[in-house]
Each structure stands twice: as C-alpha cells, then as structure tokens.
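Examination of the molecular architecture
Listed below are the residues making up each chain.
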Amino acid sequence: MPPKDIPIKLPTATSAAPTPQNAFVPSTLAALGHPDVPVTITEGDGEPIAVQGISKAFVQRRVEGLKGVHVEFTKLKARYRRELYELKLKYMELYAPIFERRAAIIAGVSEPTAYEVSAGEALTLEDDPDAEPLPEVNADGGKADDDIKGVPQFWLHALKNHREVAPFITERDEEALAYLQDICVKFLPSSTPGYILSFYFAPNEFFTNKVLTNTYVYQDIVGELGDYAYSSVEGTTIDWKEEKDLTKTHESFFDFFSPAAPLSVDQMESHGMTEEQLEEHEERVDLDYQFGEELKDRIIARAIHFFTSKVI
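Residues numbered from 1 in each chain as written. Predicted model: local features only at pLDDT ≥ 70, side-chain atom pairs only at ≥ 80, totals over all residues. Heavy atoms only, no water.

A separate point is the overall build of the protein. A count of helices and strands for the protein gives 7 helices and 6 strands. For the protein, the N- to C-terminal ordering of α and β elements is β-β-α-α-α-α-β-β-β-β-α-α-α. By the burial criterion, 29% of the 312 residues in the protein qualify as buried. A separation of at least 24 residues holds for 58% of the contacts in the protein among residues at least 6 apart in sequence. (Helix = DSSP H or I, 4+ residues; strand = E, 2+ residues; numbered from the N terminus. Buried < 20%, exposed > 50% of the residue type's maximum accessible area, 1.4 Å probe, protein only. Contact = heavy atoms within 4.5 Å.)

Below, the structure is given as structure tokens:
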C-alpha cells in the first residue's frame, strides 16, 4: 500500500534585519518508513509535525544530527564571506585609479585618450553595429562643443535611468542633483564590516555641504544565507540654505541621507508602535538598505551603463 500523505506544519518566519538576499526559506522534514506508525516531532513554532516513520527518538536524533552537519557548513560559509570581504578591500584599492580617471573625465579636468575612446567605440559597435561614428576632433580634444565642460549632469542621468531609483527623484531634486559630481564607495576595515557611500557636490544654491555620506555597518555575524546582516546606518545632517530644504514639505531623494534605523524588540515595545507603523518602518529600513546595496554593487561600478541606458 502506498505511503499516506505526510502533513507538515512549516515554522513561522520571524522579523529579521535585511540582508542582500533576505528571504524566508522554510525547513521541512519527511522521514519515510512504515506507513502505519505515525509519530510527531515538535519543531519550529512548537506545533507538532506528523511524520510517517520508525521511532520518534531515532528521528529526533537524526534531525539534531542534521543541524550539527549544517553548523559545519555555516562555519565554512562565514569563513568564505570574511575572505570575500578581504578580497573586496583589495580590489577596491585597484579600482580606485579607474574611478578617479572616470571622475576626471566627467568633471572636464582631462579628456579621454585616443585608446580610451577607441575601446569605448568598440563596445558601442558590439552593442549596435549600425552606430554612427564619432565626429572628428583635434588630437588634443579640440574645443569639445565650445563651453561644455566634461559630461554635464552625468550622475543625475545615471540615477534617473535606474528604474527603481527614478521614482524617488522629484523635479526639485533634479535641480540639486545636477550639481552631483561623483559618488564613491569605501569599505570599512574587516574588523567592522560595512561601507561608506559619499556623494560629492559642487557649490550650489540648496545646501552648503560639499559631501553627503551614508555609513552602513553590518553585524559581525554571517546570516543563514551566508551574507552579512544589516546592523545600522548613519546619514548626514544636510545644511540647507534658507527656504531650500527639499525634504521639508514633500518626499525627496535627499531623505536617503536621513535613513531609518532598525529597531530591537524592546525599542518596538517602548515606542508603542502600531502594527501598521511597524510595517511602514520596516519597509523604510529595508528600502534604505537595498538602495545602499544597489549603489555599492551596481550603480557606482556600472555608472556609464546607467548613463547610456545600457542597463536600467
């Protein structure tokens, strides 16, 4: 006679700090044996899990053993994550001259070399074999459209071309982001894993800050999926000029620099937050975190592709 269906009650997911791959992955158990000897095992939220099997004691022992096996995997995964972080620190130093070169061309401090232009044209032809060739200019770069310096509003357009960032940029934000000269990421030492996002602005009519930063700190533990869990983020107090505060009356891109902090269970209780308020707060925390991760991992690294809309 075929085995009977095995009823399983999955454990309930609990609220957790967001991670780059924050998803609830339930654990299930199905020990197949003699179909006429059902047993139950307490797991997850305490509700019994009915299992077709041999002996409850044997199955429980095996379940604990499987957890022990997974502990070894988790140790290796944590080691991998920490070594990967060290590798990122190494390569960020190697990337630095490339990003500095990019910033110099964007700002108009220097012109691209013939080799750089040729390499860029080759990529353009790979994407579009019918692309129009560049107009000829003098060997020294010529006047480059007379008074136009560098690549105006490069970062504004790169951000606007990101499908998930664009909705947060208002028309007024665009006026301020037109002064954005560069966005950089710097990783914190491995003893305190995390990173700093720095937005560099030219003098403008909106605020006096030359640099706006967000500092993200990870927990010094590796989560279930092998990623660092989010611990905290510290933004920047923007020194708005009189009547120029873009965040005062409406939602703004610049709210990003006043990020929401994750709350502990005690903080949630002391704040007396309703379930709806708590959900909104957690969504804001997750949004701030994911935006920071997207800037760190994709937008800064592939800024030219976002500017040209090769990726969105």
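On to the nonpolar core. Counting residues in hydrophobic clusters, the biggest one holds 47 residues, and the most contacted among them are Trp-155, Leu-159, Leu-197, Phe-199, Phe-253, Phe-254 and Leu-295. Setting aside anything within four residues of it in sequence, one finds Leu-295 in contact with Leu-159, Ile-183, Leu-197, Phe-199, Phe-256 and Ile-300. (Core = buried A, V, L, I, M, F, W, Y, C linked by side-chain atoms within 4.5 Å.)

Quick look at the confidence of the model for the protein now. Averaged over the protein, the pLDDT score is 81; the fraction of residues at 70 or greater is 75%. pLDDT under 50 marks residues 1-17. Its contacts with residues more than four places away, or in other chains, come to 32 contacts. (pLDDT = per-residue confidence, 0-100.)

With that settled, the discussion passes to unusual backbone geometry. Phi at Gln-153 takes a positive value of approximately 55°, unusual for a residue other than glycine. Within the fold, Gln-153 resides in the loop between α2 (114-127) and α3 (154-160). Phi is positive for Glu-243, which is not a glycine, with a value near 60°. As for its position among the elements, Glu-243 is in the loop between β6 (228-234) and α5 (265-271).

Here the structure, examined in full by the defined rule, presents 22 aromatic pairs. Cation over ring: Lys-244 sits above Phe-206, and NZ or CZ is 5.6 Å from the ring centre. If you follow Lys-296 out to its NZ or CZ, it ends over the ring of Tyr-195, 5.2 Å from the centre. (Phe/Tyr/Trp six-rings, centres within 6.5 Å; stacked < 30°, edge-to-face > 60°. Lys NZ or Arg CZ within 6 Å of the ring centre and 35° of its normal.)

Moving on: the side chain of Asn-209. Its place among the elements puts Asn-209 in the loop between β4 (194-201) and β5 (211-222). Note on Asn-209: relative accessible area 11%, which makes it buried. At 3.2 Å, the side chain of Asn-209 and the backbone oxygen of Thr-237 are in polar contact. Reaching out from Asn-209, the side chain makes a polar contact with the backbone nitrogen of Asp-239 at a distance of 2.8 Å. Not counting residues within four places of it along the chain, the set of residues in contact with Asn-209 comprises Phe-201, Thr-236, Thr-237, Ile-238 and Asp-239. (Polar contact = N/O pair within 3.5 Å; in protein donor to acceptor, adjacent residues only side chain to side chain.)

According to the stated counting rule, one finds 12 salt bridges in the structure shown. Between Lys-310 and Asp-127 there is a salt bridge whose closest N-O contact spans 3.4 Å. Of the two residues, Lys-310 sits in the segment after α7 (303-307) while Asp-127 sits in helix α2, which places them 183 residues apart along the sequence. Across the pair Glu-294 and Arg-298 runs a salt bridge whose closest N-O atoms are separated by 2.5 Å. Within this pair, Glu-294 and its partner Arg-298 are both found in helix α6 (residues 275-299), separated by 4 residues, close to a single helical turn. Looking at Glu-294, the relative accessible area reads 18%, which means it is buried. The exposure class assigned to Arg-298 is partly exposed, which follows from its relative accessible area of 28%. (Salt bridge = Lys/Arg side-chain N within 4 Å of Asp/Glu carboxyl O.)

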